[in-house]
Amino acid sequence: MPQLPMIPGWDGIHPLLIHFPLTLFFLAPVFVLFASLTKATTRRMFFISALTVMLFGITSTYAAFEAGQTAAASVTEAGEVRTVMERHQELASLALSSLTAATLLFGLTLLICTCFHLHLHELTGVLPLGSVVFYTLGLFWLINTAYHGERLVHEFGVGSIVNP
């Protein structure tokens, strides 16, 4: 009789957790794009949706980062595996910091617009541009982090079960 697989522990749940924020961080710009293509009456809804998606993404990224730190502590291999893992952790930290800054800047921009009843084009370009720059860098580092994570799993077999 088929049996459902067991839910992995905290050290094994990292691959499951990380796919959720990857999707969310690529979805948020779609909402911003929709906001730029709609009337002013619905624009705010799309911006708030983008911020909500970014907040869910950053929260789940922190959880995935902590699970990844726990999983990395259980890896005993040395050499190239260790080098790739350290690079994976370094890029993950950069992506996390950059995406956190982008989310905070975007949220601050929306908060200022809401509190002072301003339109986005009435603001100085620093906050929106800063958000875009940090977001773009975060996505770049997130893609590279995913590449190194893929190498760890598929090239070196880290985290895979050899004998079930």
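If you're wondering where the values come from, they're calculated on a predicted model, not measured in any experiment. (Residues numbered from 1 in each chain as written. Predicted model: local features only at pLDDT ≥ 70, side-chain atom pairs only at ≥ 80, totals over all residues. Heavy atoms only, no water.)

## Remarks on the packing of helix H1 (residues 14-37) against helix H4 (residues 126-155)
(1) Moving on: Interaxial distance between H1 and H4 falls to 11 Å at its minimum, and their mutual angle equals 150 degrees. On the basis of the axis angle, H1 is roughly antiparallel to H4. The handedness of the crossing between H1 and H4 is left-handed. Across the interface between the two elements, Leu22, Leu24, Phe25, Phe26, Ala28 and Pro29 from H1 touch Tyr135, Leu139, Leu142 and Ile143 from H4.
(2) Moving on: For the contact of H1 with H4, the residue count by class is 10 nonpolar, no polar and no charged. (Axes fitted to C-alpha atoms, helices over the stretch in contact; angles between N-to-C directions. Helix = DSSP H or I, 4+ residues; strand = E, 2+ residues; numbered from the N terminus. Parallel < 35°, antiparallel > 145°, perpendicular 65-115°, else oblique. Left-handed = near helix turned anticlockwise from the far one by under 90°. Contact = heavy atoms within 4.5 Å. Nonpolar A, V, L, I, M, F, W, Y, C, P; charged D, E, K, R; others polar.)

## With respect to H4
(1) Moving on: For H4, which comprises 30 residues, the first-to-last C-alpha distance of 42 Å matches the rise-based estimate of 44 Å (1.5 Å per residue) to within 8%.
(2) Moving on: What H4 keeps buried is the set Leu127, Gly130, Ser131, Tyr135, Gly138, Leu139, Leu142, Thr145, His148, Gly149, Arg151 and Leu152.
(3) Moving on: Buried residues in H4 make contact with H1, helix H2 (40-73) and helix H3 (80-115). (Expected span 1.5 Å × (residues − 1). Buried < 20%, exposed > 50% of the residue type's maximum accessible area, 1.4 Å probe, protein only.)

## Section: the environment of glutamine 69
(1) Moving on: Assignment of secondary structure puts glutamine 69 in helix H2.
(2) Moving on: Accessibility expressed as a relative area gives 33% for glutamine 69, which makes it partly exposed.
(3) Moving on: Along the sequence, glutamine 69 and phenylalanine 46 sit 23 residues apart, while their C-alpha atoms lie 34 Å from each other.

## Describing H3
Since the α-helix advances by 3.6 residues per turn, residues separated by three or four positions end up pointing in the same direction.
(1) Moving on: Look at H3: 52 Å from first C-alpha to last across 36 residues, which is about the 52 Å you get at 1.5 Å a residue.
(2) Moving on: Backbone geometry just after H3 places histidine 117 at a positive phi near 50 degrees.

## Details of the packing of aromatic side chains
(1) Moving on: On inspection of all chains with the given rule, the structure shows 4 aromatic pairs.
(2) Moving on: With centroids separated by 6.1 Å and ring planes inclined at 65 degrees, the aromatic side chains of phenylalanine 25 and tyrosine 135 adopt a geometry described as edge-to-face. Remark: tyrosine 135 occurs in helix H4 and phenylalanine 25 occurs in helix H1; sequence separation between them is 110 residues. In terms of burial, phenylalanine 25 and tyrosine 135 fall into one category: buried.
(3) Moving on: With centroids separated by 6.1 Å and ring planes inclined at 65 degrees, the aromatic side chains of phenylalanine 47 and phenylalanine 106 adopt a geometry described as edge-to-face. Note that phenylalanine 47 is positioned in helix H2 and phenylalanine 106 in helix H3, a separation of 59 residues in sequence.
(4) Moving on: Looking at phenylalanine 106, the relative accessible area reads 12%, which means it is buried.
(5) Moving on: Aromatic ring contacts, followed pair by pair, group Phe31, Phe34 and Phe46 into a single cluster. (Phe/Tyr/Trp six-rings, centres within 6.5 Å; stacked < 30°, edge-to-face > 60°.)

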